[in-house]
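# Structural characterization, general
Listed here are the chains, written in short residue letters.
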Amino acid sequence: MSINRRHFLINTGIAVAAGAISAAGQNSVVKATLNPAVNDLQNWANVREQFDTISRDYIHLSSFFLVSHPRPVREAIEKYRRAIDDNPFLFVEQNIMEMPARIQAAVAEYTGGKPEEIALTNSTTMGLAFVYQGLPLKAGQEVLTTAHDHFVHHEAIRLAAARVGASVKKIALFEYLSTVSEDEIVGRISKAITPKTRVVGITWVHSGTGLKLPVRRIADAIGEANKARAEADRILLVVDGVHGFGVEDAAVAEMGADFFIAGTHKWIFGPRGTGIVWAKPDNWKILQMTFPAFSMETVGAWMSGTPLKAPMQAAWISQGGFHAFEHEWALPAAFEFHKQIGRARIAERIHALNDQMKEGLAKIANVKLYTPRGNRLSSGLICFDVEGMRSDEVVKRLLEKRIVASTAPYRDSYARLAPSLLNTPEEIETTLRQIKTLAA
Ligand SMILES: Cc1ncc(COP(=O)(O)O)c(C=O)c1O
């Protein structure tokens, strides 16, 4: 323990004598545990077996909504829960300072980049709020966003802009989904950028249509616009990445975003109530703090009554306040699960199931498929309509057949399916047969 850390712990009253620390505390990172009978995760049936508490009476095509914890994640949560219940003070006290760094390292292995670039949050919503509230936005500047983002993204922008008197511009990224192209999307964003634009806020995969944006190309276009700008006026790219994260075989740190935000309780299969923000240290530095950060630097400044000298950093979000530690600390088990299966294999499998569903839907008379076919402009979400039927009616009729679909919570609300690792090609065929009957 460094002098600084010891001093910090003693002065904040959260240190105990080393000899009094319980044995539970020594077991601070819980390894993912698989059922030994089905531990070869190169086999999709075995991967499905890890979701051993989800009801087998349904075909789950809305798993992106909120995770059913797979076995290794559930067991990690359970081990931490038991240890905390056994001795809340000792176990939490011994692990609270070290644990975020270990989790950051596990996340960074998946995202690329460095552990210190990762902040731990409770959800996509919380990450978006932290980022937009902290951005160095000024009156007269503008946030450019799109007509296709989730309510919580638009609200995070609206609240942050209103606080400082900045304006918000929302643009459509395509004329028709049936003809949308990368060029059209990138061209529309480039055209909408003006000298006032300070932030561009987009969503990697739209949960209202299933459209996937070419984030790298958008980042490059913004990079071009930034060439003529001073550092302090640079346009910042904020990405809500929740529905690509855990699906696509992409390293977040290479995508070109300035701030990448995602919940990890959807496609990553992390504990419910977990999420991350990724940003380079230079970008963390420009965020203003909007939340008391539980760190040596901030507490030290408070105690000594001196101004805080250290710049904002990702870890300060991660350590803010007590929360459901058993969930946060079990997050590495989810990334370990992804690693064992393989990020490229996961992407391939989800795309194959989605292709199967989209090809099938496209052949059914009276069904309109909105989500682009192929992999370039779509990911793991599919939106469609059955002619003459409201989307909630489609969902209700599928549920009668024990197929869990959803509606998209947007003004134009389509029926939505999300084939995932929990599904099989046979389930896709069953679903297509039911939709064909509905549409007949
Ligand atoms: C695109 C998008 N962003 C954000 C959210 C909110 O996510 P969270 O529940 O992690 O806050 C959702 C919800 O599913 C979403 O679809």
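This section reports on the structure supplied with the text. Predicted model only: the values in this text are computed from it and were never measured. (Residues numbered from 1 in each chain as written. Predicted model: local features only at pLDDT ≥ 70, side-chain atom pairs only at ≥ 80, totals over all residues. Heavy atoms only, no water.)

## What about the sheet that holds strand 9 (residues 367–369)?
Going by this rule: Being paired, for any two strands, means DSSP has found at least two bridges between them. Each helix corresponds to a stretch of at least 4 residues labelled H or I by DSSP, and each strand to a stretch of at least 2 residues labelled E; elements are numbered beginning at the N terminus. Residues are treated as being in contact if the distance between any of their heavy atoms lies within 4.5 Å. Every axis in this analysis is a line fitted to C-alpha atoms, fitted for helices over the stretch in contact. Angles between the N-to-C directions lie between 0 and 180 degrees.
Taken together, the four strands give an open sheet; going across it, the order is 9-10-13-12, and neighbouring strands pair in antiparallel fashion. Looking at strand neighbours, the two that pair on one side only are strand 9 and strand 12 (406–407), the edges of this open sheet. By the bridge criterion, two bridges tie strand 12 to strand 13 (residues 415–417) in an arrangement that is antiparallel. Opposite Thr407, over in strand 13, you have Ala415 as the bridge partner. Its contacts with the sheet place helix 17 (residues 425–439) against strand 9, strand 10 (382–386) and strand 13, and it is angled at close to 30° to strand 10.

## Observations regarding the site of the ligand
For clarity, the threshold we go by: Nearness here has a simple test: a residue counts as near a molecule or strand if at least one of its heavy atoms is within 4 Å of that partner. Distance and chemistry together define a polar contact, namely a pair of N or O atoms within 3.5 Å, with one atom able to donate a hydrogen and the other to accept it when in protein, and with adjacent residues in sequence counting only for side-chain atoms on both sides. For the area figures, the Shrake-Rupley method with a 1.4 Å probe applies, and any residue is considered shielded solely by the protein chains shown. Put simply, Ala, Val, Leu, Ile, Met, Phe, Trp, Tyr, Cys and Pro go in the nonpolar bin, Asp, Glu, Lys and Arg in the charged bin, and everything else, Gly too, in the polar bin.
Inspection of the region around the ligand gives Ser123, Thr124, Thr125, His150, Val152, Thr203, Ser207, Asp240, Val242, His243, His265 and Lys266 as its neighbouring residues. At 2.8 Å, a side-chain N or O of His243 approaches an oxygen atom of the ligand. In the model, an oxygen atom of the ligand is placed 2.8 Å from a nitrogen or oxygen of the His265 side chain. Taking 400 Å² as the accessible area of the ligand by itself, protein coverage stands at 87%. A per-class count over the shell around the ligand returns two nonpolar, eight polar and two charged.

## Looking at the sheet that holds strand 7 (residues 259–263)
Strand pairing in a sheet relies on backbone hydrogen bonds. The paired strands run either parallel or antiparallel. The strand order across the open sheet built from seven strands is 2-8-7-6-5-3-4, with neighbouring strands paired in mixed fashion. Only two strands of the sheet have a single neighbouring strand rather than two, namely strand 2 (118–121) and strand 4 (167–171). Direction aside, the axes of adjacent strands within the sheet are offset by 20° on average. Note that strand 5 (residues 197–203) and strand 6 (residues 236–240) share five bridges and pair parallel. Within strand 6, the residue paired with Ile202 across the bridge is Val239. Docked against the sheet, helix 5 (residues 99–111) engages strand 2 and strand 8 (275–278), running at close to 110° with respect to strand 2. Across the sheet, helix 8 (residues 182–192) lies against strand 3 (142–146), strand 4 and strand 5, angled at about 155° from strand 4, the strand it touches most.

In short, the description is geometric, and any link to function would need to be established separately.
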